[in-house]
Structures are given as structure tokens and as C-alpha cells.
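For reference, the chains in residue letters:
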Amino acid sequence: MNIYKRQDIVAFIRSQGKLPTDQFGQILPVDDLISWFELDKCLDRLEQQIIKKELEALVEAEQAIEKIKLMEQARTNMSS
């Protein structure tokens, strides 16, 4: 996959804000994210596999940031 294509797809997804979640607030599985952003309609299977790895990294990063925010909030509440 062309590196610019990959970067632009990831940039587009990031520009949408937080990743979509289910009714319980959990980020959708990577296969569902592929469908959510309709990447299954414009990328071949190999390209989808590459983007799935990128999405896995985005999910991991977003989950880490949420944990950091919760810890920060708990720390703020403890010091109040």
C-alpha cells in the first residue's frame, strides 16, 4: 500500500474525533471499524489488513489516553 494512502486514511479517521463505540461505550472491533468507515468498499483485502493494524494501534492509543484521563481525574478528586 502506498505510504501516503495509508497516512491519509489514518489522518481522515483521526479527524473524525474519537473512534465509534457500541452501546456500552466500548470502541468497535477493528473489523467493524473497517465497515464503519466503509473501507471495505474502497480497499482490497491486503490494504484492509494494513489499515486494520493501524486501527489496532489507534484503539490502543485511545484506550491508553482514556486510562490516563481517569487516573488524572481520580488524582484531582483525591487532592480536593
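What counts, and where the lines are drawn
- Residue numbers here run from 1 along each chain, matching the order of that chain's written sequence.
- Per-residue local features of the predicted model are confined to residues with pLDDT of at least 70, and side-chain atom pairs are confined, for both listing and counting, to 80 or more; whole-chain, interface and lining totals are unaffected and use all residues.
- In computing side-chain values, all of the structure's heavy atoms are included and hydrogens and water are not.
- Only DSSP runs of H or I with at least four residues qualify as helices, and only runs of E with at least two residues qualify as strands; both kinds are numbered from the N terminus onward.
- When a residue's accessible area, from a 1.4 Å probe over protein chains only, is under 20% of the maximum for its type it is buried; when over 50% it is exposed; and in between it is partly exposed.
- We call two residues in contact when some of their heavy atoms are within 4.5 Å.
- The set of buried Ala, Val, Leu, Ile, Met, Phe, Trp, Tyr and Cys residues whose side-chain atoms join them within 4.5 Å is what this entry labels a nonpolar core.
- Polar contact is defined as a pair of N or O atoms within 3.5 Å, subject to the rule that within protein one atom must be able to donate a hydrogen and the other to accept it, and that residues adjacent in sequence are counted only when both atoms are side-chain atoms.

Trainee: Whenever I open this one, the environment of M1 confuses me. Can you help?
Mentor: Along the chain, M1 falls in the segment before α1 (3-15). Residue class for M1 comes out partly exposed when judged on its relative accessible area of 31%. Separated by 45 residues in sequence, M1 and L46 have C-alpha atoms that sit 8.1 Å apart. The contacts of M1, once residues within four sequence positions are left out, are R6, I9, L43, E47, I50 and I51.

Trainee: Please explain the nonpolar core as it appears in this structure.
Mentor: Nonpolar side chains in soluble globular proteins tend to be buried together. I13, L19, L33, L39, I51 and L55 are the most contacted members of the largest nonpolar core, which has 16 residues in total. Broken down by secondary-structure element, the contributors of at least two residues to this core are α1, α2 (30-36) and α3 (45-79). When residues of this core are assigned to their parent elements, the largest contribution, four residues, is made by α3. For L39, the contacting residues outside a window of four places in its chain are I9, I13, I34, Q48 and I51.

Trainee: I keep staring at the side chain of K52 and nothing clicks. Help me out?
Mentor: In this fold, K52 is placed in helix α3. Judged by its relative accessible area of 17%, K52 is buried. A distance of 2.6 Å separates a polar atom in the side chain of K52 from a polar atom in the side chain of D31. For K52, the residues in contact, after removing those within four places along its chain, are V30, D31 and I34.

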